[in-house]
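# Architecture at a glance
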Amino acid sequence: MMKALSEGCNRLGLELPRVIIEPGRWIVSEAGITLYTVENNKELPHVTYIAVNGGMSDNPRVALYQAEYEAGKVSEPDAQPYDRDGGTHVSVVGKCCESGDVLIEDAKLPYLEAGDIIALYNTGAYTFSMSGNYNCLPRPAVVFVEDGKARVVVERQSLDDLIRGQVL
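Residue indices begin from 1 for each chain and proceed along its sequence in written order. Per-residue local features are limited, in this predicted model, to residues with pLDDT of at least 70; the limit for side-chain atom pairs, both in listing and counting, is 80 or more; totals at the level of whole chains, interfaces and linings are taken over all residues. Heavy atoms throughout the structure, all of them, feed into the side-chain values; hydrogens and water do not.

A few words on the overall build of the protein chain. For helices the rule is a DSSP run of H or I covering at least 4 residues; for strands it is a run of E covering at least 2, with both sets numbered from the N terminus onward. From N to C terminus, the protein chain includes five helices and eight strands. Listed N to C, the secondary structure of the protein chain is α-α-β-β-α-β-β-β-β-α-β-β-α in terms of helices and strands. Taken over the C-alpha trace, the protein chain has a radius of gyration of 20 Å; the compact-globule value for 168 residues is 15 Å, which it surpasses by more than 25%. Along the longest, intermediate and shortest principal axes, the C-alpha atoms of the protein chain span 65 × 55 × 35 Å. Classification of residues uses two cut-offs on accessible area relative to the type maximum, computed with a 1.4 Å probe and protein chains only: under 20% is buried, over 50% is exposed, and between them is partly exposed. For the protein chain, the proportion of its 168 residues judged to be buried stands at 33%. For a compact globule the rule gives 2.2 Å times the number of residues to the power 0.38, and the radius of gyration it is set against comes from C-alpha atoms.

Before going further, it helps to spend a moment on the side chain of Thr48. Here Thr48 shows up in strand E2 (residues 47–52). If we skip the residues at most four places from it in the chain, Thr48 touches Asn41, Lys42, Glu43, Tyr82, Arg84, Thr88, His89, Val90 and Ser91. Any two residues having at least one pair of non-hydrogen atoms within 4.5 Å are treated as being in contact.

In terms of strand pairing, strand E1 (residues 33–43) meets strand E6 (residues 117–121) through five bridges, oriented antiparallel. Following the sheet pairing, Tyr36 is matched in E6 by Ile118. The pairing of E1 with E2 spans five bridges and is classified as antiparallel. When the sheet's bridge partners are listed, Lys42 is paired in E2 with Tyr49. Two strands are said to pair when DSSP picks up at least two bridges between them. Counting the residues between successive antiparallel strands, the hairpin from E1 to E2 contains three residues.

This paragraph deals with the pattern of salt bridges. It is possible for side chains of opposite charge to pair when their charged atoms get near one another. Whenever a carboxyl oxygen of Asp or Glu lies within 4 Å of a side-chain nitrogen of Lys or Arg, that contact is scored as a salt bridge. The final tally for this structure, using the stated rule, is four salt bridges. In this structure, Lys95 engages Glu39 in a salt bridge whose closest nitrogen and oxygen atoms are separated by 3.9 Å. One end of the pair, Lys95, is in the loop between strand E4 (89–93) and strand E5 (102–104); the other, Glu39, is in strand E1, with 56 residues separating them in the sequence. Take Lys95: its relative accessible area is 37%, and that puts it in the partly exposed class. Of the residues examined, Glu39 reaches a relative accessible area of 41% and is grouped as partly exposed. The residue Glu76 makes a salt bridge to Lys73 at a minimum N-O spacing of 2.8 Å.

Our focus in this paragraph is the sheet that holds E5. Spatial strand order, E3-E6-E1-E2-E4-E5: six strands in an open sheet with mixed pairing. In this open sheet, the two edge strands, each paired with only one partner strand, are strand E3 (71–73) and E5. Across the sheet, the axes of successive neighbouring strands diverge by a mean angle of 40°, strand direction being ignored. Across five bridges, E2 lies against E4 in parallel orientation. Bridge pairing in E4 links Tyr49 to Ser91. Helix axes use the C-alpha atoms of the stretch in contact, all axes being lines fitted to C-alpha atoms, and the angles between their N-to-C directions lie in the range 0 to 180 degrees.

Before going further, it helps to examine the packing of aromatic side chains. Within 6.5 Å between ring centres, the rings of Phe, Tyr and Trp (the latter by its six-membered ring) count as paired, and their orientation is classed by plane angle as stacked under 30 degrees, edge-to-face over 60, tilted in between. Taken as a whole and assessed by the stated rule, the structure comprises one aromatic pair. Look at Tyr82 and Tyr111: their rings are 5.1 Å apart centre to centre, the planes differ by 75°, and that puts the pair in the edge-to-face class. Highlighted residues: Tyr82 in the loop between E3 and E4 and Tyr111 in the loop between E5 and E6, separated in sequence by 29 residues.

Everything listed is a geometric property; what it means functionally is a separate question.
Have a look at this one:
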């Protein structure tokens with residue numbers, strides 16, 4: 001990109017401008033994975049809802065921009081998608097009890113039950129920076145993993161963190 005810009009400026013006799021690039025999703029999206037614990041599996045006639053311990057408070061991109069994600073079961077990453085009757089949709093939903101608190105509609109996931117961990121892929125861009133305390137939910141921790149070693153870079157919010165500054 002810089003080579004093309006330089007050549008174009010030379011050809012037109014223009015001074016090379018200062019270039020600033022905000023890489024965002026292009027560089028860091030694939031580097032991020034959000035882990036959720038399944039809290040409930042609710043099977044209705046044509047949809048199975050997988051309720052997790054997060055949602056639009058920690059990742060509002062789906063509700064705001066209709067961002068699309070894929071997920072997998074951490075303990076069985078290659079498991080086949082679950083379909084109990086040949087036409088059941090699986091949706092991963094959050095804990096805010098809002099119609100917009102859906103992380104994935106028509107998810108391709110194996111059978112999940114309470115306690116299972118799912119990984120939402122490609123959440124490295126903007127997920128943390130856009131997270132909030134909607135419905136007074138604390139923000140989760142952010143952990144970097146490299147060469148099998150993990151380190152916490154943002155601590156999980158505690159209840160004290162959440163209510164700091166409130167005066168009763």
